[in-house]
Amino acid sequence: MNHQMRLRHRGGKMALRQMKDKERGVIIAVNATGEMGRRIRDMGLVPGAEISIQGRAPLYDPVAVRIMGFTLTLRNNEADYIMVETESDKTLQESEKEYAAA
Amino acid sequence: MQTTIALAGNPNAGKTTLFNALTGAHQHVGNYPGVTVEKKCGAFTFNDKTFNVVDLPGTYSLTAYSLEEVVARDFLAIEKPDIVVNIVDASNLERNLYLSLQLMEMGLPVCIALNMMDVAQKRGITIDIEKLSNLLGVPVIPTIARNGRKGAAELVEALYKMVDRNHKNGDVVSPIININISYGIDIDSALLDIEKIICDYSFMTDKYPTRWIALKFMENDEQIIQLAQKHGELFERVLCDKCLRDPDSCPACQQISRKCDTQLMQKVAQIVTRLTQHLQQTASTYPEAVIADQRYGYIRSLLRQGVITHHYDQNRLETSDKIDKILTHRLFGPLFMGAILYAMYYFTFNYSELPVSWVEGFFGLLASVIDNFLSDGMLKSLIVSGIIDGVGGVLGFVPLIMFMFFFIAILEDSGYLARVAFMLDRVFRIFGLHGSSVMPFIISGGIAGGCAVPGIMATRTLKSPKERLATLLTVPFMNCGAKLPIFLLLIAAFFQEHRALLMFLITITAWIGALLAAKLFRSTIIKGESTPFVMELPPYRLPTIKSVIIHTWERTWQYIKKAGTVILGISVILWAMMTFPAPPANVDNSAPETALKYSIAGRIGSSIEGITQLAGFDWRINIALLGGFAAKEVIVSTLGTAYSLSDADPKEVDTLEQRLKSESNFGPLTALSLILFTMFYAPCFVSVVCLSRESGSWKWGLFSVFFNTGFAFTLSVILYQTGSLMGF
């Protein structure tokens, strides 16, 4: 039961595109290769980097991302290459603890 | 003793400001050979030494993907500057050091100028400069380039010391340090293998450290791989020629030929492929990804050793982010952008009117002085109608260009231009363009009344080559101020009651035409994936007056210098075409129409009448449109001459209007066809010159002349023929 709960709550791993405004997370993988991959990595979007969604353009694309203290823009189809583990996972773990305690 | 210093750094790190602070007025702007990337050089003297400073294009990295990166890298490798001053944004240390590491890996003597210390301080960032300097092994000088020259003097002194010390060490500036970042055991051992091969073949070992070359192979660097392939071929050919002659008599050859069994590239490729497969299987990643990760990892571990202290949360909202909440807001953002663009437009075109009239007045005066001074004849006609009108026409744009670039410099330096690109990218991407394309379009006449010349020059803010070229080729379709008189004339003559509607339709048609043409180009001749939009939104900054003025003046001067010389020649040619040959004496040439019809231009106009009739144009319109190549303003005045008005002053359009109305073969349909043609046909010569220069090739300039004319003619014929069939 507990294990299943966890699986269900592991919505914490997602593509950058799916992140909500103001949501924070840590990059776990960048799946792009070639020029795209290099541009993304050169700007510091590498595994382990903390990011948060700063906002979106009026037409919801591109997205502005906060990383290492500066702001970066990406198109949604570029954001798809970046996998993120969001912080909501932490709060879920906490809620899990509460659940266990109960 | 002269010393060359290269300034390298990220865009927005304050490179140009520091360059200005170091060199003052002693600078000149040119292009790197063969490319349109700007090269700024300057110089300053300190004690007994002269320092030549080269401002490299701003880059985030030294891969070979963008033109700027290739240019920067080639300069560093080939010119071998004595010192590389790496400008690092202190408020953004982690990402900025990524470039620093690559500079150091290239084995270059680096000195770090830690810029924007004030911004860092405001953000609650403290940096232990001595520790940073010790850990990296390079001098680090704190500077605040924008507030006067704080730190500039210290920087100069440090540079002086570096040169001095290096010269004492045998007059050769040696790399200060060679950092070797560990990329993990797999990559490190593969790097060693590749290094060995590189040494065996002595492949570019005179230019780069072997480890760096090995790294580039691992990163799949296109430029290095190409060089290696060439090197391999060359190597083989040289050997085989000798060996073929007498393989046994040349022991050296034999020795090398064993090495030649497999080419350099094949050997390296083997190692890289093996490693890639290994990394794919074990960690589902690629060598280049691991390398980037490790570089950032190295920086992070370095900074964690007490170099940097954050007093606030790093992702705290700065003032800049608060401004963005409004300026890129879903509703207010676009509204504000519209207001800004409109205001810029309004100021430029209204307030440049006065200086434009001064310039025009000056040339008018010059013309009248010469008019009085010289007797009537060919020489006078050449000087007044050819040279003064032509060159004056070009220089008349100067105040406009200055105003435009003044505002663009402000928008660019303040960081707002990046927001415009951010907000509009979604729309422009549909047509294969980039968010940054919007500015050139607007300037060229997106709101009727701009000018394509500054519009073409404004494409420099676009960093993606394909999108930039597509923008360049389509901005001349916008309705510039010079096209307006002909539109107004025709509207007044035939559509007086629908003036506003027609002007609106004309503007919309230009946009649709330009965007569709861009889409066409991007899916045919400039095909290719769109360039990634990974772009920094720099924090808002108050632009400094000095940099805005320098920026404006550079652009303006380039325009005067280059466009001016070519235009002079072209205006003389056009003048000759409309003057020679003169009608024989027995023909009554009192009417200007007769002389014009007799000239080369007139003959051309008449000879193509058969074709142009399809769009409803007779020989008079043909001549006017031909004159429009020089400048679109000429269309109205030439029409005036062609329709035998004694005074072809464009101010007297009223009379021309009456005349056109009364013409039997000139109806509303002809007018519409002519409006459509004027909108889309060949750009004026000034535009063509600028377009050729900005695209780096006359090929594109010529292309725009022929393509646009063909495009416009097709549209006009369709309109005219359909209209005629429908009985208009």
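All figures in this text were calculated on a predicted structure; none of them were measured in a lab.

Draft legend 1. Main features of the overall build of chain B. From N to C terminus, chain B includes 33 helices and ten strands. Residue burial in chain B is summarised as follows: out of 728 residues, 44% are buried. Considering only contacts within chain B whose residues lie at least 6 apart along the sequence, 71% involve residues at least 24 apart.

Draft legend 2. Representation of the overall build of chain A. Looking only at helices and strands, chain A has four helices and six strands in total. Across chain A, helices and strands are ordered from the amino to the carboxyl terminus as α-β-β-α-β-β-β-α-β-α. In chain A, the proportion of contacts linking residues at least 24 apart, taken out of those at least 6 apart, comes to 58%.

Draft legend 3. Focus on the confidence of the model for chain A. Across chain A, the average pLDDT comes to 80, with 75% of residues at 70 or higher. Predicted confidence for residues 1–10 of chain A stays below pLDDT 50, and this span has three contacts to residues more than four positions away or in other chains.

Draft legend 4. Local environment of helix α32 (residues 685–695) of chain B. All names here are of chain B. The buried count for α32 comes to eleven of eleven residues, which makes it a mostly enclosed element. Regarding α32, the residues found buried are F685, V686, S687, V688, V689, C690, L691, S692, R693, E694 and S695. Of the residues trailing α32, G696 is marked for its positive phi of about 85°.

Draft legend 5. The arrangement of the interface of chain A and chain B in detail. Chain A puts 33 residues into the contact, and the matching count from chain B is 32 residues. Within the residue set of the side of chain A that touches chain B, elements represented by two or more residues are α2 (34–42), β3 (50–56), β4 (63–67) and β5 (70–74) of chain A. Among the elements that make up the side of chain A that touches chain B, the one with the highest residue count is α2 of chain A (eight residues). Of the residues that constitute the side of chain A that touches chain B, the class distribution is 15 nonpolar, nine polar and nine charged. Relative to strand β10 (residues 535–537) of chain B, β5 of chain A is paired through three bridges, and the arrangement is antiparallel. Its bridge partner being in β10 of chain B, T73 of chain A is matched across the sheet by M535 of chain B.

Draft legend 6. Fine view of the environment of F533 of chain B. Among the secondary structure elements, F533 of chain B is positioned in the loop between α23 (499–523) and β10. Residue classification places F533 of chain B among the buried residues on the basis of 26 C-beta atoms within 10 Å. In this structure the C-alpha to C-alpha distance between F533 of chain B and M423 of chain B, which are 110 residues apart in sequence, comes to 12 Å. Excluding anything up to four places from it in sequence, F533 of chain B contacts P62, T73, L74, R75 and E78 of chain A together with D425 of chain B.

Draft legend 7. A look at the nonpolar core. All names here are of chain B. Ranked by size, the top nonpolar core spans 215 residues in total, and within it L7 and L490 carry the most contacts. Among the elements that make up this core, the one with the highest residue count is helix α17 (residues 398–414) (nine residues). L7 has contacts with K15, L18, F19, V53, V54, D55, L56, V85 and I87, leaving out every residue within four places of it along the chain.

Draft legend 8. Just the environment of G727 of chain B, in detail. Residues and elements named next belong to chain B. With respect to the helices and strands, G727 occurs in the segment after α33 (698–725). We classify G727 as exposed; it has 6 C-beta atoms within 10 Å. Sequence separation of G727 and L669 is 58 residues, and the distance between their C-alpha atoms is 10.0 Å.

Draft legend 9. Main features of the packing of helix α15 (residues 353–373) of chain B against α17 of chain B. Residue and element names in this part refer to chain B. Contact geometry for α15 and α17: axes closest at 8 Å, N-to-C directions at 155°. Comparing the axis directions of α15 and α17 gives the class roughly antiparallel. Every pair of crossing elements has a handedness; the one defined by α15 and α17 is right-handed. Here α15 contributes P355, V356 and V359 to the contact with α17, which in turn contributes V398, P399 and L400. Among the residues making up the contact of α15 with α17, the classes are represented as six nonpolar, no polar and no charged.

Draft legend 10. Fine view of the sheet that holds β5 of chain A. Here we have seven strands laid out as an open sheet, ordered β1(A)-β6(A)-β2(A)-β3(A)-β4(A)-β5(A)-β10(B), and antiparallel in their pairing. Both outer strands of the open sheet, β1 (13–15) of chain A together with β10 of chain B, are each paired with one neighbouring strand and no more. Taken over all neighbouring pairs, the strand axes of this sheet differ in orientation by 40° on average, direction set aside. Bridge count between β4 of chain A and β5 of chain A: five bridges; the pairing is antiparallel.

Draft legend 11. Representation of α17 of chain B in the model. All names here are of chain B. Compared with an ideal rise of 1.5 Å per residue, which puts 17 residues at 24 Å, α17 spans 24 Å between its outermost C-alpha atoms and is within 8% of the ideal. Of all 17 residues in α17, twelve are buried; the element is thus mostly enclosed. Of the positions making up α17, those classed as buried are P399, L400, I401, F403, M404, F405, F406, I408, A409, L411, E412 and D413. The positive-phi residue at the C-terminal boundary of α17 is G415, with phi of around 95°.

Draft legend 12. The pairing of strand β2 (residues 24–30) of chain A, seen in detail. Residues and elements named next belong to chain A. In the sheet, β2 pairs with β3 via three bridges, with the strands oriented antiparallel. Pairing of G25 across the sheet is with I51, part of β3. With five bridges joining them, β2 and strand β6 (residues 82–86) adopt antiparallel strand pairing. Counted as the bridge partner of G25 is T86 from β6.

Draft legend 13. Main features of unusual backbone geometry. In this structure, the amide linkage connecting D61 of chain A to the following residue, P62 of chain A, adopts the cis form with an omega of 0°. Relative to the elements of secondary structure, P62 of chain A occurs in the loop between β3 and β4. Located in the positive-phi region is N12 of chain B, a residue other than glycine, with phi close to 70°.

Draft legend 14. Highlighting the pairing of strand β1 (residues 2–9) of chain B. Residue and element names in this part refer to chain B. By the criterion of burial, β1 is predominantly enclosed, with six of the eight residues buried. Two elements, β1 and strand β4 (residues 49–55), share six bridges in a ladder whose sense is parallel. Looking at the pairing, T3 lines up with F51 of β4. The pairing of β1 with strand β5 (residues 83–89) spans five bridges and is parallel. For I5, the partnering residue across the bridge sits in β5 and is I83.

Reading the values: rules and limits
- Residues numbered from 1 in each chain as written.
- Chains lettered and ligands numbered in written order.
- Predicted model: local features only at pLDDT ≥ 70, side-chain atom pairs only at ≥ 80, totals over all residues.
- Helix = DSSP H or I, 4+ residues; strand = E, 2+ residues; numbered from the N terminus.
- Buried ≥ 20, exposed ≤ 12 C-beta atoms within 10 Å, placed from the backbone.
- Contact = placed C-beta atoms within 7 Å.
- pLDDT = per-residue confidence, 0-100.
- Nonpolar A, V, L, I, M, F, W, Y, C, P; charged D, E, K, R; others polar.
- Pairing = 2+ DSSP bridges.
- Core = buried A, V, L, I, M, F, W, Y, C linked by C-beta atoms within 7 Å.
- Axes fitted to C-alpha atoms, helices over the stretch in contact; angles between N-to-C directions.
- Parallel < 35°, antiparallel > 145°, perpendicular 65-115°, else oblique.
- Left-handed = near helix turned anticlockwise from the far one by under 90°.
- Expected span 1.5 Å × (residues − 1).

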